[in-house]
Each structure stands twice: as structure tokens, then as C-alpha cells.
Amino acid sequence: QVQLVESGGGLVQAGGSLRLSCAASGRTFSSYVAGWFRQVPGKEREFVVAITWSGPPYYADAVKGRFTISRDNAKNTVYLQMNSGKPEDTAVYYCAATIRTRSGGYYKPGEYDYWGQGTQVTVSS
């Protein structure tokens, strides 16, 4: 079992930056695949980025080149650096994790077992 707590959300102007954090407790987070999703009211939860045990992270096209995921295993934390924010980035951002192995990537919410409570990000125009 692992518990996830996001932080770092807030209000930023278009073109600005935010860094979200996802702190894990309960298990060694380096053993888990970690992902970020986002959701706006009335829409399905949307994949943003995932990082596995090896290989480069993979990003949704909408954030590629602007967002960067990283993990600090010593702190059991995953970060999402958001640059060049756009109003369409406004959403609740969720951190997710799984220890399951699978082929084909980790793009869907159902492929994750643990979720944080979410943190609101608002990008104003």
C-alpha cells in the first residue's frame, strides 16, 4: 500500500510555471510506476505523463515540450514541472501509482492502483 499526497497547485498567468509535487509514503516509491493525470468538471480524467522504472518518460501531446516529470527516490517524491502554462492546462491534477507490470504503457486511469487527492491548477489568460 502506498499513500500519495499532491501539493504545489495554484494560480498562474499564461506563460508562467508551477511545480507540482507528489509525496509517497508507505512503500519505496522507486518501485512504482508514477503518473500524472488531470481532470476538468464534466470530462474524463486525462493522461498527462508517466514515468516507469526504466526508459524515458512519455507525455501527452498536449504537454510535450512544456511539462517535465522527475522523481527523487531519496525523498519518495515525483515532481511535475509545468512551464509555458496555457489556460487549457487548468484542471485538478492527480498523481497516481502502480506496481503492476504491463506492456503498452500506462495511459489509462484504470492501470493505476493508488491516487492522491488532487491539486487545483488554474492558468489565467
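Quick summary incoming for the structure in this document. (Residues numbered from 1 in each chain as written. Predicted model: local features only at pLDDT ≥ 70, side-chain atom pairs only at ≥ 80, totals over all residues. Heavy atoms only, no water.)

1. Side note on the sheet that holds strand E7 (residues 67-72)
The pairing of strands in a sheet happens through backbone hydrogen bonds and is either parallel or antiparallel.
Argument step 1. What the 4 strands build is an open sheet, ordered E1-E3-E8-E7; its pairing is antiparallel. Two strands lie at the open edges of the sheet, namely strand E1 (3-7) and E7, each paired on one side alone. Here the strands of the sheet are splayed against their neighbours by 15 degrees on average, with no regard to which way each runs.
Argument step 2. Examined bridge by bridge, E7 and strand E8 (residues 77-82) share 6 bridges and lie antiparallel to one another. Following the sheet pairing, Thr68 is matched in E8 by Gln81. (Pairing = 2+ DSSP bridges. Helix = DSSP H or I, 4+ residues; strand = E, 2+ residues; numbered from the N terminus. Axes fitted to C-alpha atoms, helices over the stretch in contact; angles between N-to-C directions.)

2. Overview of the state of the cysteines
Argument step 1. As enumerated under the stated definition, the model contains 1 disulfide in all.
Argument step 2. The disulfide that involves Cys22 links it to Cys95, with 2.0 Å between the sulfurs. An S-S torsion of about -75 degrees defines the bridge between Cys22 and Cys95 as left-handed. Of the two residues, Cys22 is situated in strand E3 (residues 18-25) and Cys95 in strand E9 (residues 91-98); the sequence distance between them amounts to 73 residues. Accessibility classification places Cys22 together with Cys95 in one group, the buried group. (Disulfide = S-S within 2.5 Å. Buried < 20%, exposed > 50% of the residue type's maximum accessible area, 1.4 Å probe, protein only.)

3. Brief notes about the side chain of Thr119
Argument step 1. Mapped onto the elements, Thr119 comes out in strand E11 (residues 119-124).
Argument step 2. Assessed through its relative accessible area of 11%, Thr119 is described here as buried.
Argument step 3. Within the local environment of Thr119, its side chain forms a polar contact with the backbone nitrogen of Gly9, the two atoms lying 3.2 Å apart.
Argument step 4. Ignoring sequence-local partners within four residues, the contact set of Thr119 consists of Glu6, Ser7, Gly8, Gly9, Leu20, Ala91, Val92 and Tyr93. (Polar contact = N/O pair within 3.5 Å; in protein donor to acceptor, adjacent residues only side chain to side chain. Contact = heavy atoms within 4.5 Å.)

4. What to know about the environment of Lys64
Argument step 1. Among the secondary structure elements, Lys64 is positioned in the loop between strand E6 (58-59) and E7.
Argument step 2. Between the C-alpha atoms of Lys64 and Val48, which are 16 residues apart in sequence, the distance is 9.0 Å.
Argument step 3. Of note is the side chain of Lys64, whose polar atom sits 3.1 Å from the side chain of Asp61.

5. Focus on the packing of aromatic side chains
Argument step 1. Within this structure, the stated rule accounts for 12 aromatic pairs.
Argument step 2. With centroids separated by 6.1 Å and ring planes inclined at 70 degrees, the aromatic side chains of Tyr32 and Tyr114 adopt a geometry described as edge-to-face. One end of the pair, Tyr32, is in the loop between E3 and strand E4 (33-39); the other, Tyr114, is in strand E10 (residues 114-115), and 82 residues separate them in sequence. In terms of burial, Tyr32 and Tyr114 fall into one category: buried. (Phe/Tyr/Trp six-rings, centres within 6.5 Å; stacked < 30°, edge-to-face > 60°.)

6. A short note on the pairing of E4
Argument step 1. Burial analysis of E4 places 6 of its 7 residues in the buried class, which makes it a mostly covered element.
Argument step 2. As paired elements, E4 and E9 share 7 bridges and run antiparallel to each other. Within the sheet, the bridge partner assigned to Trp36 lies in E9 and is Cys95.
Argument step 3. Inspection of the sheet shows E4 paired to strand E5 (residues 46-51) by 5 bridges, in the antiparallel sense. Pairing of Arg38 across the sheet is with Glu46, part of E5.
Argument step 4. Hairpin connection from E4 to E5: 6 residues lie between these consecutive antiparallel strands, with Gly42 at a positive phi of about 85 degrees.

Nothing here speaks to function; it is all geometry.
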